[in-house]
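Residue strings, one per chain:
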Amino acid sequence: MERSGPLALERYRKADGRLLILYRWTGEDG
Amino acid sequence: MGELRFEELRGEWVDYAIHRQERTFLPSEEHCPLCPTRPGGEPTEIPFPTFEIAVFENRFPAFESPRGAAEVVVYTDRHHDSFATLAPERARALMWVWRARYEELGAREDVEYVLIFENRGVEVGVTLHHPHGQIYAYPFVPPVPTAERAADARLGGCAPCALLRRELEDGRRVVYENEHVLVYIPHAARWSYEAHVVLRAHRPTLLHCASTELDALAEALQALTRGYDALFEQPFPYVMAVHQAPTDTGPERAGHLHVEFYPPLRTAHKLKYLAGSEQGGGVFISDTLPEESAEALREAVGRAE
C-alpha cells in the first residue's frame, strides 16, 4: 500500500480510464 | 478536449470546455454521483460502499492531459456534511491530500500552476451538494498568481508576509488566530466577508509545512467556515481558493501559502453582483467596511467554537 505522510492510499483506474485514488487516515507519519 | 484561446485586449487565456454544458446538474440525493456505491444501488463515481477521502479525474474536465488536469476531491462519504462539520481528523487528512495532489500534479511538465478550490452553495454555481472541492492544474500561470508575483516585486519581498505583519499590527480585521495561522479580512477586501487564512511563517506551499502547521491550517479553516455558518445562522456560500507557489520552471518560484475565501453575501439575503464597475472597469465597489465586517465575523467565529 502506498503512503503519503499519515495517509494510506490506493489507486484505481475507472472503466473509462480515469484515475481514482482513495485515501485513508492512519494517524502515523509514514 | 477543450480549446484555449488568448484574449488579447485583456491579455488572458479563456478555456472553452463545451462538454461541461452536459455535466450533472443538482441531482437529488439518491442520484448523487459523489456518494459511495451502496450494495444493489446505482453506481456512482466511487464504486465502494464506504470511503474516507476520494480523488478522481473530473468526468467533465476543464483541463486534461497533455494540457493540465481537473480533479474532484470528495471530503467524505456523508452527503449532508460540509467542510465545517467534518471531524477534525478528517480536515487534517484533507490538508495531506491537498499536499499530495499539489506535489504529484505540480511535478508534471504540462502543469504550471495547481489551484485547489471549493465552490460552496448554488449562489456560486455549485452543481453537486455533496461536500467536495476541485483541483485545476493549469498549463500556464494564471493572472492571480501572476499578480501575486508582481506584488512581491512591488513590495520588495514576500507580499503576504508584509500584509500579515500589517494586519497583526492593526488588529482590527483579525477574526481568528492560532499558533501557526492568522485569519483576517484584508484591508482592501473585495467582498464583504472575504477572509484570508495565512501561515504566519513563510511557507511557499503545503510541501513546506510541518505537520503541526497543517493541523493548525485545518483548525483555522474549520473555525472560519463554522463562523461563516453562524454569521447569518444559515449555510454560508463561498468560493475558497488555496494560493501556493506556481510549479512552472521560471526563475521565480516564490509564493506564500494562504487560503482566500470569496463569499458573495453582503447581508443575510443580499448578494454582491459583479456589475458595470467590476466587469467594465475592474474596480470593486463595496457596500461594507472590512473593519465592521471583521467585528461581526469575529463574534460569529467565537460563537461557533
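Residues numbered from 1 in each chain as written. Chains lettered and ligands numbered in written order. Predicted model: local features only at pLDDT ≥ 70, side-chain atom pairs only at ≥ 80, totals over all residues. Heavy atoms only, no water.

K.L.:
Which parts of the structure should I look at to understand the overall build of chain A?
P.N.:
Helices and strands together make up the secondary structure of chain A, namely 0 helices and 3 strands. When the helices and strands of chain A are listed from N to C terminus, the series reads β-β-β. In terms of principal-axis extent, the alpha carbons of chain A reach across some 35 × 10 × 10 Å. Expressed as a percentage of contacts within chain A between residues at least 6 apart in sequence, the contacts between residues at least 24 apart total 13%. Within the structure as shown, chain A displays about 1,700 Å² of accessible surface, and the carbon and sulfur contribution to it stands at 44%. Positive and negative side-chain charges in chain A, numbering 6 and 5 respectively, have mean positions lying 7 Å apart. (Helix = DSSP H or I, 4+ residues; strand = E, 2+ residues; numbered from the N terminus. Contact = heavy atoms within 4.5 Å. Areas by Shrake-Rupley, 256 points an atom, 1.4 Å probe, with all protein chains shown as cover. Lys, Arg positive; Asp, Glu negative; His and termini not counted. Charge placed at Lys NZ, Arg CZ, Asp CG, Glu CD.)

K.L.:
I would appreciate a short explanation of the sheet that holds strand β4 (residues 69–74) of chain B in the present structure.
P.N.:
The strands that make up a sheet are held in pairs by hydrogen bonds between backbone atoms, and each pair lies either parallel or antiparallel. The sheet built from 12 strands is open, its strands ordered β1(A)-β2(A)-β3(A)-β3(B)-β4(B)-β6(B)-β5(B)-β10(B)-β11(B)-β9(B)-β8(B)-β7(B) with antiparallel pairing. One side of each edge strand has no neighbouring strand; the edge strands of this open sheet are β1 (2–4) of chain A together with β7 (174–177) of chain B. Recorded for the sheet is a direction-independent mean angle of 20 degrees between the axes of neighbouring strands. Where strand β10 (residues 238–243) of chain B meets strand β11 (residues 258–262) of chain B, 5 bridges bridge the pair, whose relative direction is antiparallel. Paired with V242 of chain B across the two strands is V259 of chain B, which belongs to β11 of chain B. Most of the contacts of helix α4 (residues 211–231) of chain B go to strand β9 (residues 195–199) of chain B, to which it runs at about 165 degrees, and overall it touches β5 (113–120), β7, β8 (181–184), β9, β10 and β11 of chain B. (Pairing = 2+ DSSP bridges. Axes fitted to C-alpha atoms, helices over the stretch in contact; angles between N-to-C directions.)

K.L.:
Hey, could you run me through the side chain of D248 of chain B in this one?
P.N.:
Among the secondary structure elements, D248 of chain B is positioned in the loop between β10 and β11. A polar contact of 3.0 Å, which involves the side chain of D248 of chain B, links it to the side chain of R149 of chain B. (Polar contact = N/O pair within 3.5 Å; in protein donor to acceptor, adjacent residues only side chain to side chain.)

K.L.:
It is not clear to me how the pairing of strand β1 (residues 3–7) of chain B should be interpreted in this structure. Could you clarify?
P.N.:
Residue and element names in this part refer to chain B. Bridge count for β1 against strand β2 (residues 12–16) is 5 bridges, and the pairing is antiparallel. Its bridge partner lying in β2, E7 is registered against E12. What sits between β1 and β2 in their antiparallel hairpin is a turn of 4 residues, with G11 showing a positive phi close to 70 degrees.

K.L.:
Where do I start with the interface of chain B and chain A in this structure?
P.N.:
Put simply, an interface is often sized by how much accessible area is lost when its parts join up. Each partner contributes residues to the interface: chain B has 22 residues there, and chain A has 18 residues. Buried area between chain B and chain A, both sides added, is near 1,700 Å², and the carbon and sulfur share of it is 58%. Our enumeration of links across chain B and chain A arrives at 4 salt bridges. Of the charged contacts, one joins E57 of chain B and R13 of chain A as a salt bridge, the two residues approaching to 3.6 Å between their closest N and O atoms. Between chain B and chain A we count 8 residue pairs in polar contact (both at pLDDT 80 or more) in total. Secondary-structure elements contributing two or more residues to the side of chain B that touches chain A are β3 (53–57) and α1 (88–106) of chain B. Here the side of chain B that touches chain A gets 8 residues from one element, more than from any other, and that element is α1 of chain B. Taken together, the residues of the side of chain B that touches chain A sort by class into 12 nonpolar, 1 polar and 9 charged. As paired strands, strand β3 (residues 19–25) of chain A and β3 of chain B are joined by 4 bridges and run antiparallel to one another. In the sheet register, I21 of chain A faces β3 of chain B, and the bridge partner there is V55 of chain B. (Buried area = accessible area lost by both parts, 1.4 Å probe. Salt bridge = Lys/Arg side-chain N within 4 Å of Asp/Glu carboxyl O. Nonpolar A, V, L, I, M, F, W, Y, C, P; charged D, E, K, R; others polar.)

K.L.:
Would you mind showing me how to read the confidence of the model for chain A here?
P.N.:
Segments scoring low in pLDDT should not have their predicted coordinates read at a detailed level. Mean pLDDT over chain A: 93, with 97% of residues reaching 70 or higher. Confidence scores differ between elements of chain A, with β1 of chain A showing the lowest mean pLDDT of 94 and β3 of chain A the highest of 98. (pLDDT = per-residue confidence, 0-100.)

K.L.:
Could you clarify how one ought to interpret the packing of aromatic side chains in this entry?
P.N.:
Given two aromatic rings, their pairing is described by the distance between the two centres and the angle made by the two planes. One pass over the structure, following the stated rule, counts 19 aromatic pairs over all chains. With centroids separated by 6.1 Å and ring planes inclined at 75 degrees, the aromatic side chains of Y136 of chain B and Y138 of chain B adopt a geometry described as edge-to-face. In this structure, Y136 of chain B and Y138 of chain B share a single accessibility class: buried. Measuring from centroid to centroid gives 5.7 Å for Y138 of chain B and F140 of chain B, while their planes differ by 55 degrees, and the two rings are tilted. Looking at Y138 of chain B, the relative accessible area reads 13%, which means it is buried. Residue classification places F140 of chain B among the buried residues on the basis of a relative accessible area of 14%. Clustering of aromatic rings is evident, with ring pairs tying together F6, W13, F63, Y113, F117, Y136, Y138 and F140 of chain B. The ring centre of F56 of chain B lies 5.5 Å from the NZ or CZ of K14 of chain A, which sits over that ring. (Phe/Tyr/Trp six-rings, centres within 6.5 Å; stacked < 30°, edge-to-face > 60°. Buried < 20%, exposed > 50% of the residue type's maximum accessible area, 1.4 Å probe, protein only. Lys NZ or Arg CZ within 6 Å of the ring centre and 35° of its normal.)

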